[in-house]
Amino acid sequence: MNNYESDIENEMEASWEADYKEVSKTEVEVSWRAFKKRISKRNWKKKRTLSYKVSGAAAVLAVIFTGYFFLNIYNPNIQVVNNSSLDKEIALPDGSLVLLKPNSEINYKERFENTRGVNLTGEAFFKVVKDSMKVFKVETATTTTTVLGTSFTVSQEHGLKDAKIALYTGKVVVSVKGRVESWAIIPGESFVYEKNKTFIEKFETDLSFETGNEFIDVNNIELDKLLDFLEDRFNCEFQKNPYTKNKRVTLRINRSDSLKQVLNILSIINNTKYEMNPKTKEVQILKK
């Protein structure tokens, strides 16, 4: 081991004392330039790598921004107009069902975001899917109906401020634009806004074609309530008398039935005669 170390020391001393050829300034300059060139190449590679990283980050940001723009900004409005004589069935983005009545129009977004909402002109029946995190709103020219999940109709005629909201299931809150107060209604109640006045009406939830039914099965209902329904449906007026008091009836009324057809059925099952004045549309009820 000692001999090995001694040999290395001798070689180092010999190298130090040996004579070397003098290097010219030109050779030094050439070597220096070659060294600087190698350093520059390395720096360029680092810059190019950094440039790629910056470009990649910019591309990722562009994709994120594009996705944000598409999901949060590009959300087109859907407009549906029913110019037919039949109800038009519409499935909303959340799965809620709308029966748009003839001569009516509805507008809503392609995707529901923080809230679910539609704008209505005319009349429609709504069967709203329940969502405790997102309320559902129906806007008309004068009213706003707010729900979580329920079935109801909203009616507002073209060019008029009057509106009517009838509730079949669940619970809704109705407000009138320009007013601070709001009204909560329960099934069997209608909120009516007419001539700048508001009031609540009662109605039979089973006596309605607004939900899309083709027929109504009237089961042991008071005759007075049935006559009220017929008055609204056929725009007529029944002359009430003792023959109708406390009477109950059971029958089926089809959507296509005329007033005359319904009265014929009632005359048979009630042993009663009905006479209608075609001019005044007043119906008299007489005992046979």
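These figures come from a predicted structure and were not determined experimentally.

Thresholds applied
- Residues numbered from 1 in each chain as written.
- Predicted model: local features only at pLDDT ≥ 70, side-chain atom pairs only at ≥ 80, totals over all residues.
- Heavy atoms only, no water.
- Helix = DSSP H or I, 4+ residues; strand = E, 2+ residues; numbered from the N terminus.
- Buried < 20%, exposed > 50% of the residue type's maximum accessible area, 1.4 Å probe, protein only.
- Contact = heavy atoms within 4.5 Å.
- Areas by Shrake-Rupley, 256 points an atom, 1.4 Å probe, with all protein chains shown as cover.
- 1 Å grid on protein atoms, 1.4 Å probe; cavity = no way out; pocket = protein on both sides within 12 Å on 5 of 7 lines; lining within 4 Å.
- Points joined across faces, edges and corners; volume = space filled by probe spheres on them.
- Nonpolar A, V, L, I, M, F, W, Y, C, P; charged D, E, K, R; others polar.
- Pairing = 2+ DSSP bridges.
- Salt bridge = Lys/Arg side-chain N within 4 Å of Asp/Glu carboxyl O.
- Axes fitted to C-alpha atoms, helices over the stretch in contact; angles between N-to-C directions.
- Phe/Tyr/Trp six-rings, centres within 6.5 Å; stacked < 30°, edge-to-face > 60°.
- Lys NZ or Arg CZ within 6 Å of the ring centre and 35° of its normal.

Peer 1: Explain the overall build of the protein residue by residue, including any values.
Peer 2: Within the protein one finds 4 helices and 18 strands. Burial status across the protein gives 30% buried among its 288 residues. Expressed as a percentage of contacts within the protein between residues at least 6 apart in sequence, the contacts between residues at least 24 apart total 41%. As presented, the protein carries roughly 19,700 Å² of accessible surface, and 52% of it is formed by carbon and sulfur atoms.

Peer 1: Can you explain the layout of surface pockets? Please cite residues and give values.
Peer 2: The computed volume of the largest pocket comes to approximately 1,100 Å³. Lining the largest pocket are 35 residues, with K164, S190, E201, E210 and D232 positioned closest to its centre. For the lining of the largest pocket, the elements supplying multiple residues, two or more each, are strand 5 (116-127), strand 8 (151-156), strand 9 (163-169), strand 12 (189-194), strand 13 (197-202) and helix 3 (223-234). With 6 residues, the single largest contributor to the lining of the largest pocket is helix 3. In terms of residue class, the lining of the largest pocket is built from 12 nonpolar, 9 polar and 14 charged. Reported here for the second largest pocket is a volume of approximately 170 Å³. The wall of the second largest pocket is formed by 14 residues, among which K109, F112, T115, G117 and V118 lie closest to the centre. Secondary structure elements with two or more residues in the lining of the second largest pocket: strand 4 (104-109) and strand 5. At 4 residues, strand 5 tops the list of elements feeding residues into the lining of the second largest pocket.

Peer 1: Tell me about the pairing of strand 6 (residues 136-139), and name the residues and values.
Peer 2: Burial along strand 6 is one-sided: the residues F136 and V138 are buried and none of K137 and E139 is. Across 4 bridges, the pairing between strand 6 and strand 7 (residues 143-147) is antiparallel. Bridging across to strand 7, F136 finds its partner in V147. What sits between the antiparallel neighbours strand 6 and strand 7 is a turn of 3 residues.

Peer 1: Give a description of the pattern of salt bridges that names residues and reports values.
Peer 2: What the rule picks out here adds up to 11 salt bridges. Between K177 and E139 there is a salt bridge whose closest N-O contact spans 3.5 Å. With K177 in the loop between strand 10 (172-176) and strand 11 (182-185) and E139 in strand 6, the pair connects residues that are 38 residues apart, well separated along the chain. Residue K177 is classed as partly exposed on the basis of its relative accessible area of 44%. A residue is classified by how much of its surface remains accessible, and E139, at 22% relative accessible area, is partly exposed. Across the pair E222 and R248 runs a salt bridge whose closest N-O atoms are separated by 3.4 Å. With E222 in strand 14 (residues 215-222) and R248 in strand 16 (residues 248-254), this pair connects stretches of sequence that are 26 residues apart. The partly exposed category is assigned to E222, whose relative accessible area is 32%. Accessibility expressed as a relative area gives 46% for R248, which makes it partly exposed.

Peer 1: Please give an account of the sheet that holds strand 17 (residues 272-277) that cites residues and values.
Peer 2: Taken in spatial order, the 3 strands line up as 15-18-17 in an open sheet, and their pairing is mixed. Looking at which strands have only one partner, the edges of the open sheet turn out to be strand 15 (237-239) and strand 17. Neighbour-to-neighbour, the strand axes of the sheet open up by a mean angle of 25°, direction not taken into account. Where strand 17 lies against strand 18 (residues 282-287), 6 bridges are found, and the strand directions are antiparallel. Within strand 18, the residue paired with Y274 across the bridge is I285. Strand contacts of helix 4 (residues 259-270): strand 15, strand 17 and strand 18, with the helix running at about 155° to strand 17, the strand carrying the most contacts.

Peer 1: Now, about the packing of aromatic side chains: what can you tell me, with residues and values included?
Peer 2: For any pair of aromatic rings, the description rests on two quantities: the centre-to-centre distance and the angle between the ring planes. The final tally for this structure, using the stated rule, is 6 aromatic pairs. Here F125 and Y168 contribute two aromatic rings whose centre-to-centre distance is 5.9 Å and whose plane-to-plane angle is 75°, an arrangement assigned as edge-to-face. Placement of the pair is F125 in strand 5 and Y168 in strand 9, with a sequence separation of 43 residues. By the burial criterion, F125 is buried, and Y168 matches it. Judged by centre distance (5.4 Å) and plane angle (75°), the ring pair of Y168 and F203 falls under edge-to-face. Here Y168, found in strand 9, pairs with F203, found in the loop between strand 13 and strand 14; they are 35 residues apart in sequence, far enough to count as distant. F203 gets classed as partly exposed once you look at its relative accessible area, which sits at 22%. Directly above the aromatic system of F234 lies the positively charged group of R233, at a separation of 5.7 Å from the ring centroid. Just above the ring of F215 sits the side chain of R252; from NZ or CZ to the centre is 3.7 Å.

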